[in-house]
Each structure stands twice: as structure tokens, then as C-alpha cells.
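Coordinate analysis (summary)
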2 protein chains.
Amino acid sequence: MENVFPGLQKILESTRQGIHDFMGIITPVIENSKDDHERLYWHHIYEEEEHRLDRINILLPKIEAALKEPLDPNQGEFIRLLQDISLEKFGLHNFLEHLDLSLFSFKDTEHEEAIQGMRNMTDADYQEIKQMVQDLNDDYEGINLSAGTPTDEKEHVTGNLKIDKYQRNSNQKELESSARVPKRGLTVGSLKNI
Amino acid sequence: MENVFPGLQKILESTRQGIHDFMGIITPVIENSKDDHERLYWHHIYEEEEHRLDRINILLPKIEAALKEPLDPNQGEFIRLLQDISLEKFGLHNFLEHLDLSLFSFKDTEHEEAIQGMRNMTDADYQEIKQMVQDLNDDYEGINLSAGTPTDEKEHVTGNLKIDKYQRNSNQKELESSARVPKRGLTVGSLKNI
């Protein structure tokens, strides 16, 4: 378990910075929103990321403490730490989708490049934490980490509710390319100028 | 603590039904989406609610068990149960915003009334769980439940990032009326027909 902690700490620290940067980009969008729908849309995304930030700020010191003094795998504290990590795995998946949603709106703006950079970083972080949680699942059978699995990765969910690009370990360039070239003729294209 | 459990159990059971109903309404919207943006938007909301459902399905048996055999407030299990309840408080706030976002899109459709009903129920449930968590916070000082506080209720966050109607204990009719009569001239109005 402990050997995944340094990598995990690094991911959580870098995504924490990502949340700050992303909140900075969407703050003026909320403040200058043109109507109630637009305001609620961005407020809602902001609030979810701020919530994730609060959780990470509680989780990071626990990981740092466990790095100094290893936890007993038979204790409740250890199991809950694994469940918290699983929740942050879902949090990273969620952030990835927030960034992809934002790319539709911020395309051809000054923020597109920064958001695309966060998107690529988050995708790499997500693939890494997914593998970590998988390894922990294999090592500690019987611990219920199912609440960290997004719809995209559920075996019993049919493909009609999934998004292809989130289902597989994907090539970075392929992802980048598909995110950079959205299809034309979007019916929700008016979000683009938000 | 135990005296809030029956009410909490009732709220979690009814919101679980609400999640099922809401997922049923948006499933065909995902399946029949017209483009990648629309598909990602509804898929993302669906996935967050399914995640909440997974968590509730793990939490409910714990509450039922604690009702039969009270937990020791000095044990880690008790503290984690409080933190889980706090997380579901945030989950209800989030559901409220998902429903309000949906009301913009499903206005004047066959689903508006059902969503409005869920919205009113969720608002009442949220006010109730908020009070429960407040009482638990008062009773068990020193337990960090801060990760359950949405942006709308944070004291250090300025009003420019909040949504008025989520900030106060509100009159049901007032909320219903404001949700039923959205302002005209929405710039994201094309979402309305999703």
C-alpha cells in the first residue's frame, strides 16, 4: 500500500493546483453570467470542484501521516483511507468531464490552451490513480471500493449510456486530437460563448 | 445521534427512488442526443447521480445496523458515519442543482411536473438533513464535517459566486414559483429542447 502513497500525494497536489487554476478561469464567467441558466451551470461546476478541493485538503495530511507512520491494514482507519482514495479517483474522472465540457465553451478563447493542458494532465493522473485503485483492490480483497467506479467503467451498464473515450486506457495524442476537433453543428453551441 | 437516524433513513430511501426516476427520464436523452456536447452534458449528470446511488446503497445498511446496535461515539466507525452523512448532505444539494438545471431543459415537456415534484421533495429533504448535520456538529465538536458544505453556504465565499435561492431556509411556495417562471431571453435557451 505505502508504495503507492508518494505517487498519490503528487497527483493530489497537482490536481489541487489544477482546481485552483480552473476555479480562477470560471469565476469571472459566473460573475458576468448573462442569465440564471448560465450562472447556475458554471456555479454548479465551481461548487463541485470546490467540494473536491475541501476533501483533498483533508485527505492529503492523512496520506502524509501514513507515509511517516504506516497504518495497520486490519484497522478501520486503513480501510477508510482506501475508500477516500477511491472517492478521489471518481473526483478525477469528474474533473476530466468538467474540463471536456469546458472545452466546448472555451474553444477559440484565450483559455482553451490552459484548459487543454489541465485536461491532458488530468487524463494522465486519472489513468494512474485508476491503476493504483485496481492494485489496491487486488491486494485487499473484501474492501468495498465500488463507489469509486464511474458509469463509463461499469460492466453491467450498456454502451448507450457511456462515452467511448473514457472507457479505455487511451493514447494521449488520440484523446487530445478528439478533444481539439469537436464535431460541427452543435445544437448546444450557444454555450460556446459562455 | 441515534434519534436522527430514522429521519435520515427515510430521506435516503426517498432520494434513492428519486435518483432512479431521474435516471429514467434522462436515459433516453443520452441515448438520443444530437451531438457530443449534449451527450456529455447529460451523461455527466447521470454518472454523478449513479455515483450517489452507489454511495447511498453502501450507507443505508450502515445506518440500519447502527439503529439496531448503537455505535460508540468515541470509535472511528461513528466518526466516519458522520462524515458519510455529511457527504450525502452535499449530494442532496447537488441533486437539487441537477434538478434545477433540468427544469430549464424540460420546461413545457411531459417531464416538467415530475422533475418539479422531485425538486420540491429534494429541497425539503435538504433543509432537513442540513439541520441534522448542524445538530451533529454542535453535539460532537471537533469532528471535521466541513467537506459537506456547498459554496452557497460558505461564510468566506462572497455572494458573487453563490446562488441566492440556495442560501437560506426558504419558503416552499416561493421556491416553486421562482423555479416555475424562469427569466425570458436565455442565451443557453437551446438546451431547452434537449
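Look a little higher up for the structure.
These numbers come from a predicted model, not from an experiment. Numbering of residues begins from 1 in every chain and follows the order in which that chain's sequence is written. Here every chain gets a letter starting at A, and every ligand a number starting at 1, in the order they are written. Totals for whole chains, interfaces and linings use every residue, but because this is a predicted model, local features are given only for residues with pLDDT of at least 70 and side-chain atom pairs only at 80 or more, for both listing and counting. In computing side-chain values, all of the structure's heavy atoms are included and hydrogens and water are not.

A look at the overall build of chain A
Inclusion rule: Secondary structure follows DSSP: runs of H or I at least 4 residues long count as helices, runs of E at least 2 residues long count as strands, and numbering of each begins at the N terminus. Note on exposure labels: buried denotes an accessible area under 20% of the residue type's maximum, exposed denotes more than 50%, and partly exposed covers the range between, all computed with a 1.4 Å probe on protein chains only. Note on definitions: a residue-residue contact is assigned when non-hydrogen atoms from the two residues lie within 4.5 Å. Here the Shrake-Rupley method, with its probe set to 1.4 Å, supplies the accessible areas, and only the displayed protein chains count as covering residues.
Secondary structure assignment for chain A yields five helices and zero strands. Burial analysis of chain A (194 residues in total) assigns 56% to the buried set. Sequence-distant contacts, at least 24 apart, represent 77% of the contacts inside chain A between residues at least 6 apart. Element-wise, carbon and sulfur atoms account for 47% of the exposed surface of chain A, whose accessible area totals about 8,500 Å².

Comments concerning the interface of chain B and chain A
Think of interface size as the accessible area that goes away when the parts come together; that is how it is often given. Inclusion rule: Buried area adds together the accessible area that both of two parts lose upon being put together, with accessible area traced by a 1.4 Å probe. Only one rule defines a salt bridge in this text: a Lys or Arg side-chain nitrogen within 4 Å of an Asp or Glu carboxyl oxygen.
Counting residues at the interface gives 56 residues for chain B and 58 residues for chain A. The contact between chain B and chain A buries some 5,300 Å² in all, and 57% of this surface belongs to carbon and sulfur atoms. Of all residues in chain B, H37(B), R80(B) and L161(B) give up the largest surface area on contact with chain A, accounting jointly for 14% of the area buried on that side. Our enumeration of links across chain B and chain A arrives at six salt bridges. The partner of E50(A) in a salt bridge is K154(B), with the nearest N and O atoms 3.5 Å apart.

Details of the environment of L60(A)
Within the fold, L60(A) resides in helix α2 (residues 36-68). For the pair formed by L60(A) and Q9(A), sequence separation is 51 residues and the distance between their alpha carbons is 6.8 Å.

A look at the side chain of H44(B)
Convention followed: Throughout this description, a polar contact denotes any pair of N or O atoms lying within 3.5 Å of each other; where both atoms belong to protein, one of them has to be capable of donating a hydrogen while the other can accept it, and for residues adjacent in sequence the pair is counted only when both atoms sit in side chains.
When you line up the elements, H44(B) lands in helix α2 (residues 36-68). Among the residues examined, H44(B) registers a relative accessible area of 5% and is labelled buried. A polar side-chain atom of H44(B) sits 2.9 Å from a polar atom in the side chain of E48(B). The residues touching H44(B), leaving out its near neighbours within four places in the chain, are E48(A), N94(A), E97(A), H98(A) and L101(A).

Let's talk about the packing of helix α1 (residues 5-31) of chain B against helix α4 (residues 112-139) of chain B
All names here are of chain B. Convention followed: In this analysis an axis means a line fitted to C-alpha atoms, helices contributing only their contacting stretch, and an angle means the value between N-to-C directions, from 0 to 180 degrees. Every angle not falling under 35 degrees, over 145, or within 65 to 115 is termed oblique; those three ranges are roughly parallel, roughly antiparallel and roughly perpendicular. The crossing is said to be left-handed when, going from far helix to near helix, the turn is anticlockwise and less than a right angle, and right-handed when the turn is clockwise.
Contact pair α1 / α4: the axes reach a minimum separation of 10 Å and the direction vectors enclose 150°. Relative to α4, α1 is oriented roughly antiparallel. In the crossing of α1 with α4, the sense of the turn from one axis to the other is left-handed. For the pair α1 and α4, contact is made by G7, L8, I11, S14, G18, D21, F22 and I25 and by A114, I115, M118, M121, D125, E128, I129 and M132, respectively.

What about the pattern of salt bridges?
Tallying each qualifying case throughout the model produces 24 salt bridges over all chains. Close ionic contact of E153(A) with K130(A) constitutes a salt bridge, the shortest N to O distance being 3.6 Å. Here E153(A) is found in the loop between α4 (112-139) and α5 (172-180), whereas its partner K130(A) is found in helix α4, with 23 residues between them in sequence. Exposure class is identical for E153(A) and K130(A). Each is buried. Put simply, E50(A), D54(A) and K154(B) are held in one network by salt bridges that share partners.

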